[in-house]
Amino acid sequence: MLEGSCLCGNIRFSVTGAPQGVSACHCGQCRKQSGHVWSSAFVPETDLEITGEVTWYEATPQAKRGFCATCGAFLFWKAHDEDTMSFALGALDGPTGLRLEKHIFTADKGDYYQIADGVPQK
């Protein structure tokens, strides 16, 4: 089981299932909300236990983003038409045992960095 929290600790979460889709998102929305690249994985919603009050923001009609209203940590991403939820890898406590599988939305990446780690890009 993986556990994580926001920066101030008001929101905590536990991942009981096997994370899938370990990725780094380079889209403009993730870059603006996180300040750079947002790394995440997803599990079925039933495999993610959240305690604390998550504030949700809908940047588009397709999905919402969950964050802590106190410290601002961007923790979750949820598409409205899916039964899975993504969680921030950077918010996990301790070693994860996970490895980056792909970079996504690389056509939208910032011009101030290169992706040179050999991980597949989409």
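Residues numbered from 1 in each chain as written. Predicted model: local features only at pLDDT ≥ 70, side-chain atom pairs only at ≥ 80, totals over all residues. Heavy atoms only, no water.

Draft legend 1. Region of interest: the overall build of the chain. Tallying secondary structure elements over the chain gives 1 helix and 10 strands in all. The order of α-helices and β-strands along the chain, N terminus first, is β-β-β-α-β-β-β-β-β-β-β. Against the globule reference of 14 Å for 122 residues, the chain gives a C-alpha radius of gyration of 14 Å, in line with a compact fold. Seen through its principal axes, the chain has C-alpha atoms that stretch 35 × 30 × 30 Å. The buried share of the chain, taken over its 122 residues, is 40%. Across the chain, contacts joining residues at least 24 apart in sequence account for 57% of those joining residues at least 6 apart. Of the roughly 6,800 Å² of accessible surface on the chain, 50% is carried by carbon and sulfur atoms. Once the 10 positive and 14 negative side-chain charges of the chain are each reduced to a mean point, those two points are 7 Å apart. (Helix = DSSP H or I, 4+ residues; strand = E, 2+ residues; numbered from the N terminus. Rg over C-alpha atoms; globule rule 2.2 N^0.38 Å. Buried < 20%, exposed > 50% of the residue type's maximum accessible area, 1.4 Å probe, protein only. Contact = heavy atoms within 4.5 Å. Areas by Shrake-Rupley, 256 points an atom, 1.4 Å probe, with all protein chains shown as cover. Lys, Arg positive; Asp, Glu negative; His and termini not counted. Charge placed at Lys NZ, Arg CZ, Asp CG, Glu CD.)

Draft legend 2. View of the pairing of strand β1 (residues 2-5). Taken together, the 4 bridges between β1 and strand β2 (residues 12-15) define a ladder with antiparallel strand orientation. When the bridges of β2 are listed, G4 appears paired with F13. Hairpin connection of β1 to β2: 6 residues between the antiparallel strands, including G9 at a positive phi of 85 degrees. (Pairing = 2+ DSSP bridges.)

Draft legend 3. Expanded view of the environment of T84. Locating T84 in the fold gives a position in strand β9 (residues 84-88). With a relative accessible area of 17%, T84 lands in the buried category. Note: C-alpha distance between T84 and D47 (37 residues apart in sequence) is 8.8 Å. The contact partners of T84, leaving out residues within four places of it in the chain, are F42, V43, P44, E45 and K78.

Draft legend 4. Molecular detail of the pattern of salt bridges. Under the defined criterion, the tally for this structure stands at 2 salt bridges. Two residues, D93 and R12, come together in a salt bridge whose shortest N-O distance is 2.9 Å. Pair noted here: D93 is in the loop between β9 and β10 (102-104) and R12 is in strand β2, with a separation of 81 residues, a long-range link. Overall, D93 belongs to the partly exposed group, its relative accessible area being 38%. Residue classification places R12 among the partly exposed residues on the basis of a relative accessible area of 35%. In this structure, the salt-bridge partner of E45 is K78, at a minimum N-O distance of 3.5 Å. Within this pair, whereas E45 is found in the loop between β4 (38-44) and β5 (48-51), its partner K78 is found in strand β8 (residues 74-79), the two being separated by 33 residues in sequence. (Salt bridge = Lys/Arg side-chain N within 4 Å of Asp/Glu carboxyl O.)

From the geometry alone we can't say anything about function, so treat these as descriptive.
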